[in-house]
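Report on the structure
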Amino acid sequence: MSDDANMADRVINYFDEEFEAIRSQLESGTLLDYKERVIVSRKIDEALSRLSPYVRSEWRARQVVKNGENLRERLLSVRDIISNPPI
């Protein structure tokens, strides 16, 4: 495996794990504050921009980007915030 492919794999795995951690926090109810959700969604935006060079060549990168975009939309969902109000 070349160094570029190895680096791409490490980057994709890292962001996949980070998005999964955020998803589990969201589902467990620890991300209740809207301000915190906005900050996390902005970090996801930055992560998606860092993944963009890998999207054309790696199918896993496309999947991680899609999952990140869905997670960002869920973080900023008014319906989700109303159904899970802060304590």
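Check the entry above for the structure.
In this report, the structure presented in the accompanying data block is examined. Each chain has its residues counted from 1, following the order in which its sequence is written. Only residues with pLDDT of at least 70 are given local features in this predicted model, and only at 80 or more are side-chain atom pairs given and counted; all residues enter the totals for whole chains, interfaces and linings. Side-chain measures here rest on the full set of heavy atoms in the structure, leaving out hydrogens and waters.

Examining the nonpolar core
Phe 19, Ile 22, Ile 44, Leu 51 and Leu 75 are the most contacted members of the largest nonpolar core, which totals 19 residues. Secondary structure is summarised from DSSP: a helix means a run of H or I of at least four residues, a strand means a run of E of at least two, and numbering begins at the N terminus for each. If you tally residues by element for this core, the top one is helix H1 (residues 3-28), at seven residues. The residues contacting Phe 19, other than those within four sequence positions of it, are Ile 44, Ala 47, Leu 48, Leu 51, Val 64, Gly 68 and Leu 71. For the purposes of this section, nonpolar cores are sets of buried Ala, Val, Leu, Ile, Met, Phe, Trp, Tyr and Cys residues that join through side-chain atoms within 4.5 Å. Only protein chains enter the accessibility calculation, which uses a 1.4 Å probe; a residue whose area is less than 20% of its type maximum is buried, one above 50% is exposed, and one in between is partly exposed. The contact criterion used is simple: two residues touch if any of their non-hydrogen atoms lie within 4.5 Å.

A look at the packing of aromatic side chains
Ring pairs are drawn from Phe, Tyr and Trp, using the six-membered ring of Trp, whenever the two centres fall within 6.5 Å, and their geometry is named by plane angle: stacked under 30 degrees, edge-to-face over 60, tilted for the rest. Enumeration according to the criterion identifies two aromatic pairs in this entry. When the ring of Tyr 14 is compared with that of Phe 15, the centres are 5.2 Å apart and the planes differ by 70°; the resulting orientation is edge-to-face. Judged by relative accessible area, Phe 15 falls into the buried class, the value being 12%. Between Phe 15 and Phe 19, the aromatic rings sit 6.4 Å apart at their centres with planes inclined by 35°, giving tilted as the arrangement. Of this pair, Phe 15 and Phe 19 both sit in helix H1, separated by four residues, roughly a single helical turn. Phe 19 matches Phe 15 in its accessibility class, with the two residues each being buried. Following the ring pairs from residue to residue traces out a cluster consisting of Tyr 14, Phe 15 and Phe 19.

What about the side chain of Ser 41?
In this fold, Ser 41 is placed in helix H2 (residues 34-55). Those residues in contact with Ser 41 that sit more than four places away from it in its chain are Arg 72, Leu 75 and Leu 76.

Here's the deal with the pattern of salt bridges
Oppositely charged side chains are able to pair whenever their charged atoms sit close together. We count a salt bridge whenever a side-chain nitrogen from Lys or Arg sits within 4 Å of a carboxyl oxygen from Asp or Glu. The tally for this structure, following the rule as stated, stands at four salt bridges. The partner of Arg 60 in a salt bridge is Asp 9, and the shortest N-O contact between them spans 2.6 Å. Placement of Arg 60 in helix H3 (residues 59-75) and of Asp 9 in helix H1 is noted, with a sequence separation of 51 residues between them. Arg 74 is paired through a salt bridge with Glu 27; the nearest N and O atoms lie 3.5 Å apart. Taken as a pair, Arg 74 in helix H3 and Glu 27 in helix H1 lie far apart in primary sequence, 47 residues in all. Judged by relative accessible area, Glu 27 falls into the exposed class, the value being 54%.

With respect to H3
To estimate the expected span of a helix, count its residues, drop one, and scale the result by 1.5 Å. For H3, built from 17 residues, the straight-helix expectation of 24 Å at 1.5 Å per residue is met to within 8% by its first-to-last C-alpha distance of 24 Å. Residues of H3 that are buried include every one of Ala 61, Val 64, Val 65, Gly 68, Leu 71 and Leu 75, and no others. Taken around the axis of H3, the buried residues stretch over an arc of 125°, which confines them to a single face. Seen from the open side of H3, the exposed residues pointing more than 90 degrees away from its buried face are Trp 59 and Glu 73. The directions from the helix axis to the C-beta atoms are what the arc is built from.

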